[in-house]
Amino acid sequence: MNSKLKKKLVDEQALSAAEALELDQALDSPSLSRALMSKLTDDEPSLAWRSSLNQSLIKASGAKAASKVLKWGSGIVVTAAAALGIIALLPRPVVEPNRVLVKSQPVMSNIEESLVSAHKEADLESGLGVSLSQGSTDAPSSDSL
Amino acid sequence: MDRLGVAYLGARKQIDLATEQALVAQCRRQDVQAFGKIVDAYQGRVLGFVRRMLRSEEEALDVTQEVFIKAFQSVARFDGRSSLRTWLFRIAHNLCVDRARKAERTPDQHSLDAASEADDAIEFSDSRWSPESLVMNDELSEVVEQALGTMSDKLRTVLLLHDREDMAYEEIAAAVDVPVGTVKSRLFLARAHMQRVVGGYLEMDGRVQ
């Protein structure tokens, strides 16, 4: 490999097509590094390390779930509050029970009264032979005295 | 392959793609047990990478935990465009870089200077080196670790991901966020450095003529 290419590699400069090819060929050839690296052993963390990691993961999982619940919870509260606000602001239909009663009562009482009075009149007329308009029969007349 | 879809290729665990996708889907629902299977498959490899990047056992254990916690917390954002392995090593690489910055250590503190790296850029192709012909003992292992330790972070990252983790150039480029051409340049320089340090030791040791 020529010194110009070496300098380009160190300086991380763009390579020409020929230089790139030369580099590819060099990298594809057998290397001590690759042979050595494949022989290195993997690290194996301790059980205590793994246990500590598990606890952190559970904590992270719980924190995420809690934040989700908090997010949902606060969302529900806000929605409910907004709904209540809207309901409070809506114009309510005026319910006037007295007026309804007042309106219906005279009708009812008129009918009742007329029925009752008609019944009484009929009863008196048929039973005593005296019309109510002629006065009461309980009071003694001056003629009978 | 066991019933969990975890294969043991050589001494290393590897999850097949279908199992990986199923596990990721479970992890998105915050399934700690499913994520545990991912940890089982990758903990040793991620720890090995992080330890060689930071060279402090204690710090490496902390950062490796951080890698998996971060991965678990952000698994919903994993879009599957890269492999899970590439994604995990990207997180690991980023955290190592962050640690180096926090420790006010320049990324290349342990590196050789540019001139020295240029000197390293020798021909490293050598058919004498094959995995079969090399017997890794504690002493050789130590020399290899030293060679890694005297390499710049950027070269070491690429070397570990390519020659150790068998990642493709494109995967490394995605993990480290550099162009593919830069990955190749760095790999060349890293191998040249390894050749110089370890090759010299092997020749002195009489393992090769």
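Model, not experiment: these values are computed from the prediction.

A. Structural detail: the overall build of chain A. Helices and strands together make up the secondary structure of chain A, namely 5 helices and 0 strands. Ordered by position in the sequence, the α and β elements of chain A form the string α-α-α-α-α. Burial analysis of chain A (145 residues in total) assigns 18% to the buried set. Entry remark: accessible area of chain A is about 10900 Å², with carbon and sulfur atoms responsible for 63%.

B. Region of the structure containing the nonpolar core. Among the nonpolar cores identified, the biggest contains 75 residues, and B:Met194 and B:Val198 are the most heavily contacted of them. Counting residues per element, this core draws most heavily on helix H2 (residues 32-54) of chain B, at 12 residues. The contacts of B:Val198, once residues within four sequence positions are left out, are A:Leu32, A:Leu36, B:Leu140, B:Val143, B:Val144 and B:Ala147.

C. Region of interest: the interface of chain B and chain A. Each partner contributes residues to the interface: chain B has 60 residues there, and chain A has 37 residues. Roughly 4500 Å² is buried in total at the junction of chain B and chain A, and carbon and sulfur atoms are behind 61% of that figure. Taken together, the links from chain B to chain A amount to 6 salt bridges. The salt bridge involving B:Arg51 is made with A:Asp43; its shortest N-O contact spans 2.4 Å. Remark: the boundary between chain B and chain A carries 16 residue pairs in polar contact (both at pLDDT 80 or more). Those elements that place two or more of their residues in the side of chain B that touches chain A are H2, helix H3 (57-73), helix H5 (114-120), helix H6 (138-149), helix H7 (153-164) and helix H9 (180-204) of chain B. The biggest single contributor to the side of chain B that touches chain A is H9(B), with 13 residues.

D. Region of interest: helix H2 (residues 17-28) of chain A. All names here are of chain A. Over its 12 residues, H2 runs 16 Å from end to end, which matches the ideal 16 Å to within 8%, given 1.5 Å per residue. Where H2 is concerned, the buried positions are Glu19, Leu23, Ala26 and Leu27. Down the axis of H2, the buried set is contained in an arc of 95 degrees. They therefore lie on one face. Away from its buried face by more than 90 degrees, H2 exposes Ala17, Ala18, Gln25 and Asp28.

E. Representation of the pattern of salt bridges in the model. Residues and elements named next belong to chain B. Tallied over the full model, the rule gives 18 salt bridges over all chains. Its salt-bridge partner being Glu66, residue Arg99 comes within 3.2 Å of it at the nearest N-O pair. Linking Arg99 in helix H4 (residues 84-102) with Glu66 in helix H3, this pair joins segments that are 33 residues apart in sequence. You can call Arg99 partly exposed: its relative accessible area is 23%. Taking relative accessible area as the criterion, Glu66 reaches 31% and is therefore assigned partly exposed. In this structure, Glu171 and Arg85 form a salt bridge, with 3.1 Å as the shortest nitrogen-oxygen distance. Pair noted here: Glu171 is in helix H8 (residues 169-176) and Arg85 is in helix H4, with a separation of 86 residues, a long-range link. Overall, Arg85 belongs to the buried group, its relative accessible area being 14%.

F. Geometry of helix H1 (residues 17-28) of chain B. Residue and element names in this part refer to chain B. The end-to-end C-alpha separation of H1 is 16 Å, in line with the 16 Å expected for 12 residues at 1.5 Å each. Buried within H1 we find Thr19, Glu20, Leu23, Val24 and Cys27. Projected onto a plane normal to the axis of H1, the buried residues spread over an arc of 135 degrees and lie on a single side. Of the exposed residues in H1, the ones pointing more than 90 degrees away from its buried face are Ala18 and Gln21. Two or three places before Ala18, at the opening of H1, Asp16 has a side-chain oxygen 3.2 Å from that residue's backbone nitrogen.

G. Up close: unusual backbone geometry. With a phi close to 55 degrees, A:Glu12 is a non-glycine residue in the positive phi region. If you trace the backbone, A:Glu12 turns up in the loop between helix H1 (3-10) and H2. Judged by its relative accessible area of 29%, A:Glu12 is partly exposed. Even without glycine at this site, B:Gln30 takes up a positive phi of about 60 degrees. With respect to the helices, strands and loops of the structure, B:Gln30 is situated in the loop between H1 and H2. On the basis of relative accessibility, which here comes to 15%, the residue B:Gln30 falls in the buried class.

Definitions and cut-offs
- Residues numbered from 1 in each chain as written.
- Chains lettered and ligands numbered in written order.
- Predicted model: local features only at pLDDT ≥ 70, side-chain atom pairs only at ≥ 80, totals over all residues.
- Heavy atoms only, no water.
- Helix = DSSP H or I, 4+ residues; strand = E, 2+ residues; numbered from the N terminus.
- Buried < 20%, exposed > 50% of the residue type's maximum accessible area, 1.4 Å probe, protein only.
- Areas by Shrake-Rupley, 256 points an atom, 1.4 Å probe, with all protein chains shown as cover.
- Core = buried A, V, L, I, M, F, W, Y, C linked by side-chain atoms within 4.5 Å.
- Contact = heavy atoms within 4.5 Å.
- Buried area = accessible area lost by both parts, 1.4 Å probe.
- Salt bridge = Lys/Arg side-chain N within 4 Å of Asp/Glu carboxyl O.
- Polar contact = N/O pair within 3.5 Å; in protein donor to acceptor, adjacent residues only side chain to side chain.
- Expected span 1.5 Å × (residues − 1).
- Arc of directions from axis to C-beta.

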